[in-house]
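Each chain is listed here by its residues.
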Amino acid sequence: MDKDYYETLEINRNASNSDVNKAYRHLALKCHPLNYGQTGSVEQFRQLGEAYDVLSDPQKKAIYDKFGEEGLKGGIPPENGSSGAWSSRYIYHGNPDKTFKQFFGGDNPFAAFVTNDVPLHFGGLRPEEMKMQDTHIERDLHLSLDELFHGCIRKIKISRRVMNEDGRTSSIKDKILTMYVKPGWEEGTRITFPKEGDQGPNNIPADIVFIIRQKSHPVFVRQAKDLILKAQISLEKALTGFSVDVKTLNGKRLNVPINDIVHPAYKKIVTGEGMPLSQDCSQRGDLIITFDIQFPENLSAEKKQLIKQALAFNRTLAVSSGKVSRSAKQAAVPAPTNFTAVDGGTSAAQKKVTYCKFGEEGLKGGTPPEYSSCGAWSSKYVYHGNPDKTFKQFFKEEMKTQDTHIERDLHLSLDDLFHGCTRKIKISRRIMHEDGRTSSIKDKILTVNVKPGWEEGTRITFPKEGDQGPNNIPADIVFIIRQKSHPVFVRQAKDLILKAQISLEKALTGFSVDVKTLDGKRLNVPINDIVHPAYKKIVTGEGMPLSQDCSQRGDLIITFDIQFPENLSAEKKQLIKQALAFK
């Protein structure tokens, strides 16, 4: 149904251009969305804009009066046009705000209604509401940890454009913004100064936002409301006791006694000595002391003997050793796994094999039973006798698109990937019949020959093994290698990682690690170095085989979890001091 632009503007068809302007002026102000604020006001305002756009233009109005909305928007025939040509089609630009501003003049649609510097408001509609605010401006404010602990005042000078009294010209002026930083403010806290950006005649100034960035501190690391301090201590102190002197951010000096045995994961928490809480400065977080234990670089035989006397109490070497879950000859193929997938047939290839081996007679007469397993076409071949069908099938095949490939995970053990294995997977897929129209579901076994050294994420593709159809190229089926976790080893590319759990006594006096490798060998790896928490022992050539060359191997990397004693007697602590006291 055609729109009635006259009805939209509430005027009759004999209305003059002056009547059109008066009607639009009245209704546009009355129905403006910011003033009217009711459901449907946006669409009504848009219809008013379109009606005025047409009826205020003599040419558009004439076409509309004679041919209606259909003629206006669809164009009029040549015989009815003044130039003998089909008139152009009218399309409303769809921006009623543009029409509104053009009618009232200037960028400010309310300029015509401002007298004596006092704007006349129409309901809730105000000139300021038509302006858009500039995007906020963000700047980093770098503060020290001390400033965030105590709080501070920061004054920052900005230069910004300010409008002059005439409302048209502007100048650059400086201004000081003052920030009151509260104790306990965190990294990322945002301080907003509303509308402090550049002024302009047609914009609302941007907000300026400062974002707190904390500078690094030479002693403490902050974690939310807590302060972290890392103390470097000798192994002797870790085992025999000591105290930590701390100068806090508020100037206090703390002496924190440590009477426990300190192991690498040990933490000492001093309650209430962390950062103040910004919501309540009387509340504080904690001071958390962690420890970097310095092991000796070497020990004499005499000192090692003292260590053994001090630490050799109900503490035995506990080393994880590998187990091989299968030998190289245990490449037994698992039972077929049901897998619903999609596949392409090989009937054309079978016909070709039969023809090449037995000629036309064998192709059309059928092949003997004993040859059925060689890939030949066993049933008698009869050409359907329709060359047009063959022609259409050929060119239709060229227009087909391939279905999206199908991905499935193939979960293998670390032993499978070390030795290599064969996996047979049964899939069920749709196969097209010879008539090219009907199909049936058939099973097929896909064989995956896993090479030694294949890694997580290796992809094995079986081309066009997806469902067949009359109008598609079957999808590829892609298996993606996923490695199962191993009870002893962790794989890192070509290397194997073994974590051995040892006592502190062994770490300081020496020991050996017994390892049963994935290929069944037993290794005895002597450790004569002092073993600290970051120590690693590398056994060359005992890692995973490389898939490109199975004769090449990665490394076995042994890491250590050092078990510290839970307590020591005074006598044993004295032995420790004798053994570990530095000259």
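The shown structure was predicted, so the numbers you read here are calculated from the model rather than taken from an experiment. (Residues numbered from 1 in each chain as written. Predicted model: local features only at pLDDT ≥ 70, side-chain atom pairs only at ≥ 80, totals over all residues. Heavy atoms only, no water.)

**Side note on the overall build of the protein**
Scanning the protein from N- to C-terminus turns up 14 helices and 33 strands. Looking at the 583 residues of the protein, the share that counts as buried comes to 38%. For the protein, restricting intrachain contacts to residue pairs at least 6 apart in sequence, the fraction spanning at least 24 positions comes to 62%. (Helix = DSSP H or I, 4+ residues; strand = E, 2+ residues; numbered from the N terminus. Buried < 20%, exposed > 50% of the residue type's maximum accessible area, 1.4 Å probe, protein only. Contact = heavy atoms within 4.5 Å.)

**Re the environment of His419**
Take His419: it is sitting in helix α12 (residues 414-419). Judged by relative accessible area, His419 falls into the buried class, the value being 18%. Taking the C-alpha atoms as reference points, His419 and Cys550, 131 residues apart in sequence, are found 9.6 Å from one another. A distance of 3.1 Å separates a polar atom in the side chain of His419 from the backbone oxygen of Leu518. (Polar contact = N/O pair within 3.5 Å; in protein donor to acceptor, adjacent residues only side chain to side chain.)

**Focus: helix α5 (residues 58-74)**
In a regular helix each residue adds 1.5 Å, so 17 residues correspond to 24 Å; α5 covers only 18 Å between its end C-alpha atoms and thus falls short of that length. At Phe67, α5 shows its maximal bend, which comes to roughly 125°. Turning to α5, its buried residues number three or more, namely Lys61, Ile63, Tyr64, Gly68, Glu69, Gly71 and Leu72. Those residues of α5 that are buried lie in contact with α1 (5-8) and α4 (41-55). Measuring from the backbone nitrogen of Gln59 back to the side-chain oxygen at the start of α5 gives 3.1 Å, which picks out Asp57 as the cap. One or two residues past the end of α5 sits Gly75, with phi positive at roughly 95°. (Expected span 1.5 Å × (residues − 1). Bend = angle between axes of the 7 residues up to and from the residue.)

**Re the packing of helix α9 (residues 301-311) against helix α14 (residues 570-580)**
As a packed pair, α9 and α14 sit with axes 8 Å apart at the nearest point and diverge in direction by 160°. It follows from the interaxial angle that α9 and α14 lie roughly antiparallel. The two elements α9 and α14 cross, and the hand of that crossing is left-handed. Here Lys303, Leu306, Ile307, Gln309, Ala310 and Leu311 of α9 come into contact with α14, specifically with Lys572, Leu575, Ile576, Gln578, Ala579 and Leu580. Its residues assigned to classes, the contact of α9 with α14 comprises 8 nonpolar, 2 polar and 2 charged. (Axes fitted to C-alpha atoms, helices over the stretch in contact; angles between N-to-C directions. Parallel < 35°, antiparallel > 145°, perpendicular 65-115°, else oblique. Left-handed = near helix turned anticlockwise from the far one by under 90°. Nonpolar A, V, L, I, M, F, W, Y, C, P; charged D, E, K, R; others polar.)

**Brief notes about the sheet that holds strand β25 (residues 477-483)**
An order of β20-β25-β23 is seen for the 3 strands of this open sheet, with the pairing classed as mixed. Two strands lie at the open edges of the sheet, namely β20 (406-412) and β23 (459-462), each paired on one side alone. Across this sheet, the average inter-strand angle for adjacent strands is 25°, counted without regard to direction. Strand direction decides the pairing type here: β20 and β25, joined by 7 bridges, are parallel. Residue pairing across strands places Leu410 opposite Ile481, the latter belonging to β25. (Pairing = 2+ DSSP bridges.)

**Digging into the pattern of salt bridges**
All chains considered together, the criterion is met by 24 salt bridges. Where Lys73 meets Glu69, a salt bridge forms, and the shortest distance between an N and an O atom there is 2.9 Å. Residue Lys73 and its partner Glu69 are both found in helix α5; the two are separated by 4 residues, about one turn of the helix. A relative accessible area of 29% means that Lys73 is categorised as partly exposed. The salt bridge involving Arg553 is made with Glu542; its shortest N-O contact spans 3.5 Å. Here Arg553 is found in strand β32 (residues 549-553), whereas its partner Glu542 is found in the loop between β30 (536-539) and β31 (545-546), with 11 residues between them in sequence. The class for Arg553 is partly exposed, based on a relative accessible area of 24%. Judged by relative accessible area, which is 11%, Glu542 ranks as buried. One salt-bridge network, held together by shared partners, links Glu43, Arg46, Glu50, Glu69 and Lys73. (Salt bridge = Lys/Arg side-chain N within 4 Å of Asp/Glu carboxyl O.)

**With respect to the sheet that holds strand β27 (residues 495-503)**
Working definition: the strands of a sheet are paired by backbone hydrogen bonds and lie parallel or antiparallel to each other. Taken in spatial order, the 4 strands line up as β26-β27-β33-β30 in an open sheet, and their pairing is mixed. Each edge of the sheet is formed by a strand with only one pairing partner; in this case those strands are β26 (489-492) and β30. Here the average twist between neighbouring strands, direction ignored, is 30°. Pairing analysis gives 8 bridges linking β27 to strand β33 (residues 556-563), with the strands arranged parallel. Opposite Lys499, over in β33, you have Thr559 as the bridge partner.

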